[in-house]
Amino acid sequence: MEEGVYGGLYQIEGAAKRPAPEKVYGYYATTVGGLEEVALKDLKVRLKAVGRVRVERDGRHGRVFFRYEQSPRRLLALRSVENLFALLAEIRRVTVGQPGLLRIAQEVARVDLAPAVALHDALYGEKPDARFSLTCTAGRGHRFSASELHQVVQTVLRMKYGLQPGEGGYNLHLRVRGKRALFGLQLSRRRMRDRDYRRANVPGGLAGSVAYCMALLGRVEGRDVCLDPMCGSGTTLIEAGQAFGPKALVGGDVQPEALDAARENARAAGQRVGLVRWDAGRLPLPNASVDKLLCNLPCVKRMAHVRPPERKDILLKEFARVLCPGRTAVLLTEDKEAMQKALEASDVPFGCLRRLPVHLRGMTASIYLLKKT
């Protein structure tokens, strides 16, 4: 391309025409903290031709860096990640105060934005004008704030590349932690964890990316009857249905408004989900009738129909009753202590295959992969 956005990108240097920009091969995806390895496995299986993979864990969020030389549109179909970026620069040796700001500004000025912009335009169409939004975060101890960083880098982008601040353009992200800054261009129009089918929500609902990872951990397959006994707005079942196509999706909840939300979302997603109002501690299902069970366990305060001290025991016994022998349950809970006590009970026939601590909504939760013994 020689006109439009690229004219803006190169106008400061006075060039009327430039060769077509090189392709982008370096990317990074953000994940929920604790699900980095799950997302990495998903990425390798679905894309296959990924290389130079590197995982970075950082509390609330993780990042998976990789090289990919095939169609970038496939990247936008990933369901396990929070967001996707073209990697523009990793800036090392960032010091504190004004010298650190100056180094970041100098390195940003050296970045060639054209390949990433060309990729974004190929995915969504060329922008009528060269506008951008910039998101900056800065860790503690740098002696410069995120707003100061934003002001400096925004000036560089405007002066060097002819870009103008504004909505509806290119979304650039700059993150500074320690002595390193990460600079990327967001390739997804919105956060990839968000789903188009989410028309209705209820309190405590899961992000689509987390629900998908739960189905992935549970190895949901086409032959399975998949159950969510406390389905909320239906996200876990819809993600399992869209990604893995199980034989049947069955869900229930004690709250009528949750079932209404699940029905609306399932219709929007084009998934057939059998939904019933029930008490999850007394499921109206036959013994050993379910192959996979996925559930985001609510907090005690929302479980008034079950006595709190016995809640996890009651639920796990009932879940085990309807689950076929040798099959798996994937449970998400914020109450690690209660879950551990329940699993230690002699009459709860579950073995814990894996526990993954994850960071959700500002708090630490755990995903348990259980097998009926």
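Please read all numbers here as calculations on a predicted model, not as lab measurements.

To continue, consider the sheet that holds strand β9 (residues 225-228). One open sheet accounts for 7 strands, arranged β11-β10-β9-β12-β13-β15-β14; its pairing is mixed. Across the chains shown, the open sheet's two edge strands, defined by having one partner strand only, are β11 (274-277) and β14 (350-360). Averaged over all neighbouring strand pairs, the angle between strand axes comes to 15 degrees, with direction disregarded. Direction of pairing for strand β10 (residues 248-253) relative to β11: parallel, over a ladder of 4 bridges. The residue of β11 that forms the bridge with D253 is R277. The sheet strands contacting helix α10 (residues 336-344) are β13 (323-333), β14 and β15 (363-372), and the helix crosses β15 at an angle near 15 degrees.

A word on the packing of helix α6 (residues 208-217) against helix α7 (residues 235-244). In the contact formed by α6 and α7, the axes pass within 8 Å of each other and the chain directions differ by 65 degrees. Considering only the axes of α6 and α7, their crossing is right-handed. Each of G208, A211, Y212, A215 and L216 in α6 lies in contact with α7, whose residues at this interface are T235, T236, E239, A240, A243 and F244. Grouping the constituent residues of the contact of α6 with α7 by class yields 7 nonpolar, 3 polar and 1 charged.

Time to look at the side chain of E239. Among the secondary structure elements, E239 is positioned in helix α7. Side chain to side chain, E239 and Y197 meet in a polar contact 2.5 Å long. Those residues in contact with E239 that lie beyond four places of it in its chain are R79, R195, Y197, G208, A211 and Y212.

With that settled, the discussion passes to the pattern of salt bridges. In the structure shown here, the tally under the stated rule is 26 salt bridges. For E56, the salt bridge is made with R63, and the minimal N-O distance between the two is 2.8 Å. Neither residue differs from the other here; E56 and R63 are each classed as buried. Taking the shortest distance from any N to any O, the salt bridge between E90 and R180 comes out at 2.8 Å. One end of the pair, E90, is in strand β4 (residues 83-91); the other, R180, is in strand β8 (residues 180-186), with 90 residues separating them in the sequence. Judged by relative accessible area, which is 14%, R180 ranks as buried. Residues joined in a network through salt bridges with shared partners are R54, E56, D58, R63, E90, R92, R175 and R180.

What follows covers the sheet that holds strand β3 (residues 61-68). A sheet is described by the order of its strands in space; here 8 strands give the open sequence β2-β3-β1-β4-β8-β7-β5-β6, paired in mixed fashion. The open sheet is flanked by β2 (50-58) and β6 (164-165), the only strands paired with a single partner. Where strand β1 (residues 26-32) lies against β4, 4 bridges are found, and the strand directions are antiparallel. Paired with T30 across the two strands is N83, which belongs to β4. Packed onto the sheet, helix α3 (residues 97-110) meets β4, β7 (170-177) and β8 and runs at close to 110 degrees relative to β4.

Here the phi dihedral of R93 falls at roughly 55 degrees; this positive angle occurs in a residue that is not glycine. On the secondary structure map, R93 appears in the loop between β4 and α3. Of note, R143 is a non-glycine position whose phi angle comes to about 60 degrees, a positive value. Here R143 shows up in the loop between β5 (131-138) and α5 (146-161). Residue R143 is classed as exposed on the basis of its relative accessible area of 69%.

This part is about the nonpolar core. Y27, F66, I104, L113, L149, L157 and F183 are the most contacted members of the largest nonpolar core, which totals 50 residues. Not counting the four nearest positions on each side in its chain, Y27 is found in contact with V64, F65, F66, Y68, P72, L75, L84, F85, A86, L87, L119 and L187. Counting residues in hydrophobic clusters, the runner-up holds 35 residues, among them L206, F244, A262 and V358.

Now for the pairing of β2. Note that β2 and β3 share 7 bridges and pair antiparallel. Across the sheet, residue D58 finds its bridge partner in β3, namely H61. Counted between consecutive antiparallel strands, the loop separating β2 from β3 contains 2 residues, among which G59 sits at a positive phi close to 70 degrees.

Put simply, the protein chain has an average pLDDT of 89, and 91% of its residues get 70 or more. Here residues 300-310 is modelled with pLDDT under 50, and outside its nearest four sequence neighbours on either side it reaches 14 contacts, counting other chains as well.

Before going further, it helps to spend a moment on the pairing of β4. A regular strand carries its side chains on alternate faces of the sheet. Counting buried residues in β4 gives 7 out of 9 residues, a clear majority hidden from the surface. For β4 and β8, the ladder comprises 6 bridges, and the chain directions are antiparallel. The residue of β8 that forms the bridge with E90 is L182.

On to the environment of R277. Locating R277 in the fold gives a position in strand β11. Here V254 takes part through its backbone oxygen, which lies 3.0 Å from a polar atom of the side chain of R277.

Reading the values: rules and limits
Residues numbered from 1 in each chain as written. Predicted model: local features only at pLDDT ≥ 70, side-chain atom pairs only at ≥ 80, totals over all residues. Heavy atoms only, no water. Pairing = 2+ DSSP bridges. Helix = DSSP H or I, 4+ residues; strand = E, 2+ residues; numbered from the N terminus. Axes fitted to C-alpha atoms, helices over the stretch in contact; angles between N-to-C directions. Contact = heavy atoms within 4.5 Å. Left-handed = near helix turned anticlockwise from the far one by under 90°. Nonpolar A, V, L, I, M, F, W, Y, C, P; charged D, E, K, R; others polar. Polar contact = N/O pair within 3.5 Å; in protein donor to acceptor, adjacent residues only side chain to side chain. Salt bridge = Lys/Arg side-chain N within 4 Å of Asp/Glu carboxyl O. Buried < 20%, exposed > 50% of the residue type's maximum accessible area, 1.4 Å probe, protein only. Core = buried A, V, L, I, M, F, W, Y, C linked by side-chain atoms within 4.5 Å. pLDDT = per-residue confidence, 0-100.

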